[in-house]
Amino acid sequence: MGRAKVTASEGSISAGSDFLHLTVTDAAPGGRADWLTDRLRQAIAEGRVPVGDRLPPTRVLAADLGVSRGLVTEAYQRLTEEGHVAGRGRAGTVVVAAPAAPTPTTAAAPAPAATFPPAPGTDIFDAVRAAHATIDLTPGVPDLAAFPRADWLRAERSVLRRVAAADLGYGDPCGTPALRQAVAAWLARNRGISVDPAEVIIVAGVSQALGLLAQALTAAGVDRIAVEDPGSLGVRQHLNNWRMDTPPIRVDDAGLRVDELTASGVPAVMLTPAHQFPTGVVLDGDRRRQLVAWARAGGLIIEDDYDAEHRYDRPPVPALRGLLPEQVCYAGSVSKLLAPALRVGWLLVPARLREAVVAAKRNADLGNAVLPQLVLAELMTSGAFERHLRLLRRRHIRRRDAMITALARALPSATVHGAAAGLHLMITLDDAVVDTELAAATLARGVKVQPLSWHCQRPYRPGLVLGYAARTPTEIEDGVAAVAAALGSGHHDDVGGRGALGPGVLGAGRPDAREHHRPRDRAPGRPGR
C-alpha cells in the first residue's frame, strides 16, 4: 500500500514537531530563536537529548516547525558557541556536553551576606561553590562545557588498545614516562622551558605541588614564603595550611615590587609573573631582571603558571624557569586548559629539592592515576591539545569582549584590569564601596562574583574579580547588569538592610568615568577581537 501523501496545508496545521514536542506558537513574537535555543538547551540538560545523540537536520526541523532554516541554524550555532553541540559533517549536529544542572540541596541555603564575610575562613571556597546562583562569574572556572569529550574518548580507546598489563600496576610516583615526555615537549614549545622528561614530576594539580614544596622547604628550614598582594587567597590559605608564613609583597602596574621583596629578607617568593592573579599585570622586563638578580643571590622563586596559555592581545611571556632552572620551582596544570576535575599538573624543582619533593609525593599517594596520564599524553602528542586551546582562545575572546562591552555600558566608571589574557577580569570601584557587601547583594540577584578584598592582605581599592570563560555572552551581559543593579540600588534590603554602598556611589563626581573604564593592559589601538 502506498504511503499517504501529506498536503502542505495538513503539514502546517500544528506548526510543531514531534521532536521534543516543540510548538512554535509557544514562542514570544520576535523571540523564536531564543525560544528554540532555550528548549533545546533544557532538553539536553534534562537528558531528553543525551550526549552523543544527533539533533534533527536544520532543514527538517525548520520544515516541521514552519520556520525559516536560518532560525534553526541560529539556535544550533548558539548551542555550538556554548559548547553543548558540535557539527560532525555528515554525522550531523551531535550533542557533546550537557549544561550543568543545579545541585539539589536539602538544607536551607545560607544568606548571601553570610557567603561573603569580610574575613573569609578556610572553608570559604566550599561555601561559595555551594551557594546557588543562576549565573556564576566566579574567576578561575574554565569552560567545562567545552571539554573535548570526543577527543578524550578517541585517546582513551587508543591507549586501551595498546596498554600492556604491566603498565596498570604501581608505577613511578613521579608519573608515567609518556606524560612526562609529553609535558616536557609542551613546555619547550609553549613556555620556553628546556627540561629533561626525567625532571618532570606529575602532581594532582598546583595545590598538591604547593603542599609538596612546603614540606620540602620546611625540612630545609624555610618557614616563610612571600606572596603577591593582591594575590590569590586560595594560594595563601594553602600555604598557611602547611604552616608557612606568607608575608605580602606589593604588586603595581609593573608586577611584584622586588625592592620590597629584598627588604623583607624572606628566602622564597610565590608569584604569577605571566598573568598576575588577580590584577592581570605582566612582570615587566626591569622587574624580571631585578627578580633574577635576587634569586641568583640565594632567593627561591615558586612560579605558578596557572593560565599563561590563555593570551589574546599580547605576545607570549616566557617562563622564569627557562632562565633560572636551579632557582625556580615551576608549577602548571590542565585545570584551566581542560578541567580541574582531572587533577593533573606538573612540577619542576631545583636538583637540591628533588629528593624531598619526590619523597613527599610518594608518601602522599604513590603517584597519580595511570590511565588518565596516558590518555592526556595521547591528547598532547596527537595535536588535539593544541586544537582545543585554539578553540578556547577564539571563544574566550568573544566572551572577554562581551564582558568589557557590558561593563562599559552598565558600570562606566569601573576600571578594568587584566583584559589581555586569562579567564577573568578585575575591576576596581569607588573607595566608598564595600566589595564583600556588593558581592552579597549581587548574589541575592542570582549572580555569583568574587570580592577583590579577599585577595588583599593590606588596604587596596575595593573591586570585584569576574570570570567570563564559562559563561555565554548573554549570561555575561545579564550578570554585569545584576552587579550594576546591586551597586545602584543604594541599600541592602535583600542582604540585611545596612545601606553600606550608598546611592549613586559608583562614578559620583567623576566626569571622566568613561576614560577610567579603559582596560589597563590592552595594547593601544588593538581591536578587542
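Look up: the structure comes first, before these words.
Everything quoted here is computed from the prediction, not taken from an experiment.

Enquirer: Whenever I open this one, the layout of surface pockets confuses me. Can you help?
Expert: With a probe scaled to a water molecule rolled over the atoms, the places where space remains empty come into view. Its volume calculated, the second largest pocket comes out at about 500 Å³. Lining the second largest pocket are 23 residues, and of these A86, R88, A146, L391 and R395 sit closest to its centre. At the level of secondary structure, the elements contributing two or more residues to the lining of the second largest pocket comprise α4 (69-81), β3 (85-87), α7 (149-162) and α15 (384-410). Sort the elements by how many residues they give to the lining of the second largest pocket and α15 lands first, with 7 residues. Partitioned by chemical class, the residues of the lining of the second largest pocket number 10 nonpolar, 4 polar and 9 charged.

Enquirer: Can you help me understand the packing of helix α9 (residues 205-219) against helix α13 (residues 351-365) in this one?
Expert: A pair of packed helices is captured by two measures, namely the crossing angle of their axes and the spacing between those axes. Where α9 meets α13, the closest approach of the two axes is 9 Å, and the angle between their N-to-C directions is 125°. When the axes of α9 and α13 are compared, the pair comes out oblique. Viewed along their axes, α9 and α13 form a crossing whose handedness is right-handed. In this structure, α9 uses Q208, L212, L213, Q215, A216 and L217 to contact α13, whose residues at the interface are L353, A356, V357, A360, K361, A364 and D365. Classifying every residue of the contact of α9 with α13 by side-chain character gives 9 nonpolar, 2 polar and 2 charged.

Enquirer: Teacher, can you tell me more about the packing of aromatic side chains here?
Expert: All chains considered together, the criterion is met by 4 aromatic pairs. For the pair F277 and Y306, a centre-to-centre distance of 6.2 Å together with 85° between the ring planes defines the contact as edge-to-face. Separated by 29 residues along the polypeptide, F277 in the loop between β10 (268-271) and α12 (285-296) and Y306 in the loop between β11 (300-304) and β12 (328-333) bring together distant segments of the chain. No difference in accessibility class separates F277 from Y306, as the two residues are buried.

Enquirer: Which parts of the structure should I look at to understand the sheet that holds strand β17 (residues 450-451)?
Expert: Picture the strands of a sheet paired through backbone hydrogen bonds; they go either parallel or antiparallel. The strand order across the open sheet built from 4 strands is β14-β15-β18-β17, with neighbouring strands paired in antiparallel fashion. Both edges of this open sheet fall to β14 (415-417) and β17, since each of them pairs with a single strand only. Bridge count for strand β15 (residues 424-428) against strand β18 (residues 463-467) is 5 bridges, and the pairing is antiparallel. When the bridges of β18 are listed, L425 appears paired with L466.

Enquirer: What's the story with the environment of A185 in this structure? I'm lost.
Expert: Examined against the element boundaries, A185 turns out to sit in helix α8 (residues 177-190). A185 sits in the partly exposed class, given a relative accessible area of 33%. Between the alpha carbons of A185 and T381 there is a distance of 8.7 Å; along the sequence they are 196 residues apart.

Enquirer: Would you explain the sheet that holds strand β13 (residues 345-348) in this entry?
Expert: Taken in spatial order, the 8 strands of this open sheet run β6-β13-β12-β11-β10-β7-β8-β9, and their pairing is mixed. At either end of the open sheet lies a strand with only one pairing partner, and these are β6 (201-203) and β9 (255-256). Where β10 meets β11, 4 bridges bridge the pair, whose relative direction is parallel. By the bridge assignment, L271 is partnered in β11 with E303. Contacting β6, β11, β12 and β13, α13 crosses the sheet at an angle of about 35° to β6.

Enquirer: How should I be thinking about unusual backbone geometry in this particular structure?
Expert: Glycine aside, residues mostly have negative phi angles, and peptide bonds mostly take the trans form. Omega for the bond connecting D229 with P230 falls within 30 degrees of zero, at 0°, which places this linkage in the cis form. Relative to the helices and strands, P230 is located in the loop between β7 (226-229) and α10 (233-241). Cis peptide bonds are those with omega within 30 degrees of zero, and the linkage from F277 to P278 qualifies with 5°. Among the structural elements, P278 can be located in the loop between β10 and α12. Even without being a glycine, L20 presents a positive backbone phi close to 65°.

Procedures and definitions
- Residues numbered from 1 in each chain as written.
- Predicted model: local features only at pLDDT ≥ 70, side-chain atom pairs only at ≥ 80, totals over all residues.
- Heavy atoms only, no water.
- 1 Å grid on protein atoms, 1.4 Å probe; cavity = no way out; pocket = protein on both sides within 12 Å on 5 of 7 lines; lining within 4 Å.
- Points joined across faces, edges and corners; volume = space filled by probe spheres on them.
- Helix = DSSP H or I, 4+ residues; strand = E, 2+ residues; numbered from the N terminus.
- Nonpolar A, V, L, I, M, F, W, Y, C, P; charged D, E, K, R; others polar.
- Axes fitted to C-alpha atoms, helices over the stretch in contact; angles between N-to-C directions.
- Parallel < 35°, antiparallel > 145°, perpendicular 65-115°, else oblique.
- Left-handed = near helix turned anticlockwise from the far one by under 90°.
- Contact = heavy atoms within 4.5 Å.
- Phe/Tyr/Trp six-rings, centres within 6.5 Å; stacked < 30°, edge-to-face > 60°.
- Buried < 20%, exposed > 50% of the residue type's maximum accessible area, 1.4 Å probe, protein only.
- Pairing = 2+ DSSP bridges.

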